[in-house]
Amino acid sequence: GESVGLHLPTLSVQEGDNSIINCAYSNSASDYFIWYKQESGKGPQFIIDIRSNMDKRQGQRVTVLLNKTVKHLSLQIAATQPGDSAVYFCAESYGQNFVFGPGTRLSVLP
Amino acid sequence: GAGVSQSPSNKVTEKGKDVELRCDPISGHTALYWYRQSLGQGLEFLIYFQGNSAPDKSGLPSDRFSAERTGGSVSTLTIQRTQQEDSAVYLCASSPWAGRYEQYFGPGTRLTVT
């Protein structure tokens, strides 16, 4: 079956540095992708999305890159802050279905 | 405006009992999703409602799980004869439309089966 991500890795970055969180997806038919942030004890919060007809989209301090050739999605966070510490999930959508990966835990070091 | 709300926030139940979890989606959102999240894991799709269409139940793990959505708004997820492996956080999300729109999640209900 389709899968998004395989493990729950942890990424530790120094405050002020840039963070890059990666995600692999397997369904080439997916045409919509989302990044979510989940803080402890809370539900996932939408960060940014991208459609398959784009390869880059920027938001406030965040950039999502989509490489359809290798089925890879990344989230870049500029000038990482302590409040960015959370688990980040990517999700792919095809038709009416969403498939979420297991997530990446981002820890921001002081 | 008001987001997605879920109740209760925490539920502890004994093995074998039935539980009902409630989700109030954002007003006007036609799509509603239920997910299950086990500790340290990703989101497992359970069921999806879109307007008045028949729900997509393909993610329900067993016939002990069922869900309904009344009046196209509030949804209830029911787990009968709960088992310890049902312990997880149950998340509800709503979306203005199915598929290619972001989902707005509630805070979840943490279910513990003892």
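Residues numbered from 1 in each chain as written. Chains lettered and ligands numbered in written order. Predicted model: local features only at pLDDT ≥ 70, side-chain atom pairs only at ≥ 80, totals over all residues. Heavy atoms only, no water.

**Some details on the sheet that holds strand β6 (residues 65-69) of chain B**
Residue and element names in this part refer to chain B. Read across the open sheet, the four strands follow the order β1-β3-β7-β6; overall the sheet is antiparallel. At either end of the open sheet lies a strand with only one pairing partner, and these are β1 (5-7) and β6. This sheet shows a mean twist of 15° between the axes of neighbouring strands, independent of strand direction. Note: β1 against strand β3 (residues 19-24), three bridges, orientation antiparallel. Within β3, the position partnered with Q6 by the bridge is C23. (Pairing = 2+ DSSP bridges. Helix = DSSP H or I, 4+ residues; strand = E, 2+ residues; numbered from the N terminus. Axes fitted to C-alpha atoms, helices over the stretch in contact; angles between N-to-C directions.)

**Considering the pairing of β3(B)**
Side chains on a regular strand alternate between the two faces of the sheet. Residues and elements named next belong to chain B. Burial along β3 is one-sided: the residues V19, L21 and C23 are buried and none of E20, R22 and D24 is. Here five bridges tie β3 to strand β7 (residues 75-79), and the two strands are oriented antiparallel to one another. Of the residues in β7, the one forming a bridge with C23 is S75. (Buried < 20%, exposed > 50% of the residue type's maximum accessible area, 1.4 Å probe, protein only.)

**Comments concerning the pattern of salt bridges**
Tallied over the full model, the rule gives seven salt bridges over all chains. Here A:D49 makes a salt bridge to A:R57, at a shortest N to O gap of 2.2 Å. Accessibility expressed as a relative area gives 8% for A:D49, which makes it buried. Take A:R57: its relative accessible area is 35%, and that puts it in the partly exposed class. With a shortest N-O distance of 3.8 Å, B:K17 and B:E14 are connected by a salt bridge. (Salt bridge = Lys/Arg side-chain N within 4 Å of Asp/Glu carboxyl O.)

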